[in-house]
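Here's the letter readout for the chains.
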Amino acid sequence: MSDPKKTSLHGKHAELGASFTDFGGWDMPLKYASELAEHKAVRATAGLFDLSHMGEVWVQGPEAAKFLNSALAGNLAVMKVGRAKYSVICNEAGGIIDDLITYRRGEEKFLVVPNAGNAPVVAAALAERAAGFDVTVTDASDETSLIAVQGPASVAILHELVDEATRGHISDMKYYSADDATVAGFDVLLARTGYTGEDGFELYLPNEQAPALWDALMTAGANHGLVPAGLACRDSLRLEAGMPLYGNELSLEGNPFEANLGPIVSFKKEEDFVGRAALEAIKAEGPRKVLVGLKGLGRRAGRGGYPVSIDGTQIGAVTSGQPSPTLGFPVALAYVEPAHAAVGTKVDVDLRGKPEAFEVVALPFYTRAK
């Protein structure tokens, strides 16, 4: 097995005393001092994340929109320039290869951002599916860094590093939009996106400039409660926000309708996208299982793989679970049989041989105040 890859910010994390973990083939910061403190900082003030392990694939050309509508399950052609869209890329059987965000940077220019471990697979799939279309597919993952500022203080922190005109633009940016900006003297793609359930921004720029931008953000955030944040709190934050994680809730064995992602699958578009026939059949038949939120009625948390049952009969399994730092009770995502997916359904989670009471609740568990 090859050694995990390192982002351009690895040295910064080491200086800050980070604990590292292998994630998607990358040596990434798990936490710095306390994942609980980092989680609470993102909810109350702000956290700074290195997401440079994510992929960046550029799709450009006269048929870029038509091509993406054929390659992905969503309708990317209707997206306006400057906006972003969450979608999935599926195989012929309707299985999820990855979930991803696509930014429209021009009429004929899109940026597709897959997850870390799937980035090479997605880039290869897009390149293969581009045959016959007037487009170019360019994998820029190895040259691109991604830094995220997430939390209520994110706007104020960025305001410290931009000119007056840009301050107003940042404040007015809509959720799931992106634009070119100059931050701390660096030209970046600035997106109002994130995976924490909080307001925040993601900044794309070349690897060689990322360490200096990281330092500038840390300095600007010092008076706003900004802390460096690792993957551990990113996982607890996205779980509270009810956001699925590839490898937990999403996989080749599952499909968008089971994962409550049916609304992002477009059957109205004319393109015969990969997996369309299989997904139309799945929608017509109804899913065999459905993703639900579970609230613990006790103090013990369920973990991925733990069985979910009613009256001793297994009806599903947990995909992600842990105590919620924000809400004060255990939360979990689980796939269960559709007949038992109604809000209010009481279930048991098998915690290593001991049943623990949980209840099906509406997702997300946590929603930030607007």
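So, how was this worked out
- Residues numbered from 1 in each chain as written.
- Predicted model: local features only at pLDDT ≥ 70, side-chain atom pairs only at ≥ 80, totals over all residues.
- Heavy atoms only, no water.
- Buried < 20%, exposed > 50% of the residue type's maximum accessible area, 1.4 Å probe, protein only.
- Helix = DSSP H or I, 4+ residues; strand = E, 2+ residues; numbered from the N terminus.
- Contact = heavy atoms within 4.5 Å.
- Polar contact = N/O pair within 3.5 Å; in protein donor to acceptor, adjacent residues only side chain to side chain.
- Core = buried A, V, L, I, M, F, W, Y, C linked by side-chain atoms within 4.5 Å.
- Pairing = 2+ DSSP bridges.
- Axes fitted to C-alpha atoms, helices over the stretch in contact; angles between N-to-C directions.

Draft legend 1. Looking closely at helix H2 (residues 35–44). Buried within H2 we find Glu 38, His 39, Ala 41, Val 42 and Arg 43. Contacts from the buried residues of H2 go to strand E2 (26–31), strand E3 (46–50), strand E9 (144–150), strand E13 (226–228) and helix H8 (231–240). Capping the start of H2 is the job of one residue whose side-chain oxygen sits 3.3 Å from the backbone nitrogen of Leu 36: Ser 34.

Draft legend 2. Geometry of the environment of Gly 344. Residue position: Gly 344 is located in the loop between strand E17 (330–336) and strand E18 (346–351). Note on Gly 344: relative accessible area 30%, which makes it partly exposed. When the C-alpha atoms of Gly 344 and Lys 370 are compared, they prove to be 27 Å apart, with 26 residues separating the residues in sequence. Excluding anything up to four places from it in sequence, Gly 344 contacts Glu 359 and Val 360.

Draft legend 3. Focus on the nonpolar core. Of all hydrophobic cores here, the largest spans 42 residues; its most connected members are Phe 49, Tyr 86, Tyr 103, Tyr 204 and Leu 279. Breaking this core down by element, the ones donating at least two residues are strand E5 (84–90), strand E6 (96–106), strand E7 (109–113), E9, strand E11 (186–191), H8, helix H9 (276–285) and E17. Ignoring sequence-local partners within four residues, the contact set of Tyr 103 consists of Met 79, Arg 83, Ala 84, Lys 109, Phe 110, Leu 111, Val 113, Ala 178, Ala 191, Thr 193, Glu 202 and Tyr 204. Counting residues in each nonpolar core, the second largest holds 30 residues, with Val 155, Val 183, Leu 203 and Leu 205 among its members.

Draft legend 4. Structural context of the sheet that holds strand E16 (residues 313–323). Spatial ordering of the closed barrel is given by E14-E17-E16-E15-E18-E19, a layout of 6 strands whose pairing is antiparallel. Here the strands of the sheet are splayed against their neighbours by 45° on average, with no regard to which way each runs. Pairing of E18 with strand E19 (residues 354–361) involves 6 bridges; the strand directions are antiparallel. Directly across from Val 349, in E19, lies its bridge partner Glu 356.

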